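# Working through the structure, step by step
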Amino acid sequence: MDINTAIAEMHRAVTLEALQSLKVHYLGKNGLLTQEMKALGKLSPEERKERGRVLNEIKQALENAVRGREKELEAQALQSQLERESIDVSLPGYAFPAGGTHLTSQMQAELLSTFRRMGYSVVEGPEVESEFFNFDAINMPDWHPARDMQDTFWLKDSGDFDVMGPEGERVNNLGGLLMRTHTSPMQIRYMIEHTPPFKIVVPGRVFRYEQTDASHEAMFYQLEGLVVGPDIAMSDLKGAILELARSLYGAQAKARFQPTYFPFVEPGAQFALWWPEREKWLELGGSGMVHPNLFKAADDYRQKMGLPRVYDGMTGFAFGMGIERLALLRYGIPDIRYFYQQNRLSFLRQFKN
Ligand code: DAH
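Residues numbered from 1 in each chain as written. Predicted model: local features only at pLDDT ≥ 70, side-chain atom pairs only at ≥ 80, totals over all residues. Heavy atoms only, no water.

## Examining the overall build of the protein
The helix and strand inventory of the protein stands at 12 helices and 10 strands. The C-alpha radius of gyration computed for the protein amounts to 43 Å, which surpasses the reference 20 Å derived for 353 residues by more than 25%, pointing to a less compact arrangement than a globule. C-alpha atoms of the protein, sized along the principal axes, occupy 135 × 55 × 40 Å. Counting every position in the protein, which comprises 353 residues, the buried fraction comes to 44%. Partitioning the intrachain contacts of the protein with sequence separation of at least 6 by distance along the chain shows that 68% fall at a separation of at least 24. Only carbon and sulfur atoms are counted for the fraction: they give 52% of the accessible area of the protein, which is about 19,500 Å². Across the protein, the 40 positively charged side chains and the 46 negatively charged ones have centroids separated by 7 Å. (Helix = DSSP H or I, 4+ residues; strand = E, 2+ residues; numbered from the N terminus. Rg over C-alpha atoms; globule rule 2.2 N^0.38 Å. Buried < 20%, exposed > 50% of the residue type's maximum accessible area, 1.4 Å probe, protein only. Contact = heavy atoms within 4.5 Å. Areas by Shrake-Rupley, 256 points an atom, 1.4 Å probe, with all protein chains shown as cover. Lys, Arg positive; Asp, Glu negative; His and termini not counted. Charge placed at Lys NZ, Arg CZ, Asp CG, Glu CD.)

Given below as structure tokens:
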């Protein structure tokens, strides 16, 4: 065994494993040095003493070499681990995909904030509605031809689903069940529960049983408005719609009303907003002065429930409009089916806010 070769080998070891096997080779239980130590017993006492001293020095030297190289290799390993695992904090991070607000929700939020600013409360009603609130109570009895204006999804009455009355009472004499065809039934529901004066808007989904095409969907959103008080006049309606126009399209915006028929209002008017930037009228919805039959229906219901009649001498206005329609007109979207049926992200992302 040559000590210089052994030490040189240890210095050349490039891994801790290689160093370990050298250590075993020389210093292990059957290692070269160990064997020489074992051979000491065969020597004379003087020789043994001298040889023993030399072997001990060799052992020291080898152990030092192992420990020294061990430290070097460990330091190298740590260094390369640090390099491997280091984080470059200047690299750009991952962009987590974030959702956006659906175009309809954006439009709805914009409308609601406009009306909130004008002091309106925002309320919502059920999508599964009774024939009574959707039609009868708002002056559309079953013989009324205006019912044909709105094709209806009727629900099979399974007997275990009742539409709740406004006060949470279970009512079963309200006719058939249906998906509400408009948000107007909330006019009656709200009037039954509240004492005028009040101003409300009602956003929500409505359903129509019809063939879909570029301008018709079986489900869409409406915004209903109802204002009732002792002296509400048509001019208040015009003021509210004008304010809506200005909030959407700036100080140059205008509102226009044209007489038309809706059973729940008298007189009734469709309204359009003037969009100055594009110089065009946008036909947005219907409106009018609340028909006296609605006040009567609300008071009759209240009376049945033991509540006082509160609508004698009241007047009010109402309006209703399609929320998607506002977006269609504003952005020139050619087909209402893009909103829900296709619902492609490539479409929705164009309106990411
Ligand atoms: N409910 C009507 C519809 O869905 C819209 C409407 C028209 C609502 C006139 C109103 C109104 O409140 O006064 O076609």
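## Some remarks on helix H4 (residues 45–85)
For H4, spanning 41 residues, the distance from its first C-alpha to its last is 58 Å, which sits close to the expected 60 Å at 1.5 Å a residue. Taken together, the buried positions of H4 are Gly-52, Leu-55, Ile-58, Leu-62, Ala-65, Val-66, Arg-69 and Leu-73. For H4, the elements touching its buried residues are helix H1 (3–12), helix H2 (16–27) and helix H3 (32–38). (Expected span 1.5 Å × (residues − 1).)

## Considerations on the site of the ligand
Taken together, 16 residues surround the ligand, and among them His-182, Ser-184, Arg-208, Gln-222 and Glu-224 come closest. One nitrogen or oxygen atom from the side chain of Arg-208 is found 3.0 Å from an oxygen atom belonging to the ligand. Within the side chain of Gln-222, a nitrogen or oxygen atom sits 2.8 Å from an oxygen atom of the ligand. Considering the ligand on its own, with 350 Å² of exposed area, one finds that the protein chains cover 91% of that surface. Of all the secondary-structure elements, those providing two or more residues to the shell around the ligand are strand E6 (219–229), strand E9 (280–290) and strand E10 (315–322). Partitioned by chemical class, the residues of the shell around the ligand number five nonpolar, nine polar and two charged. (Near = heavy atom within 4 Å. Polar contact = N/O pair within 3.5 Å; in protein donor to acceptor, adjacent residues only side chain to side chain. Nonpolar A, V, L, I, M, F, W, Y, C, P; charged D, E, K, R; others polar.)

## Notes on the sheet that holds strand E4 (residues 177–179)
The three strands lie next to each other as E2-E4-E3, forming an open sheet whose pairing is antiparallel. With partners counted over all chains shown, the strands left at the sheet margins are strand E2 (128–130) and strand E3 (154–155), one partner each. As paired strands, E2 and E4 are joined by three bridges and run antiparallel to one another. Of the residues in E4, the one forming a bridge with Ser-130 is Leu-177. (Pairing = 2+ DSSP bridges.)

## Describing the environment of Ala-297
In this fold, Ala-297 is placed in helix H9 (residues 292–304). When its relative accessible area of 15% is taken as the criterion, Ala-297 is described as buried. Those residues in contact with Ala-297 that sit more than four places away from it in its chain are Ala-137 and Ile-188.

## Looking at the pairing of E9
For E9, the tally of buried residues reaches eight of 11 residues, placing the bulk of the element in the interior. Here nine bridges tie strand E8 (residues 265–275) to E9, and the two strands are oriented antiparallel to one another. Among the inter-strand pairings, Ala-272 is bridged to a residue of E9, identified as Glu-283. Linkage of E8 to E9, two consecutive antiparallel strands, is achieved through a turn of four residues, within which Glu-279 is found at a positive phi near 50 degrees. Here E9 pairs with E10 via five bridges, running antiparallel. Opposite Gly-286, over in E10, you have Gly-320 as the bridge partner.

## Here's the deal with unusual backbone geometry
Backbone torsion omega between Pro-196 and Pro-197 reads 5 degrees, so that peptide bond is classified as cis. Of the consecutive residues Glu-266 and Pro-267, the connecting peptide bond is found in the cis state with omega at -5 degrees. Along the chain, Pro-267 turns up in strand E8. The backbone of Asn-139 shows a phi angle near 70 degrees, a positive value even though the residue is not glycine. Structurally, the position occupied by Asn-139 is in the loop between helix H6 (131–134) and E3. Its relative accessible area of 15% is what places Asn-139 among the buried residues. Unusually for a residue other than glycine, Glu-279 sits at a positive phi of about 50 degrees. As for its position among the elements, Glu-279 is in the loop between E8 and E9.

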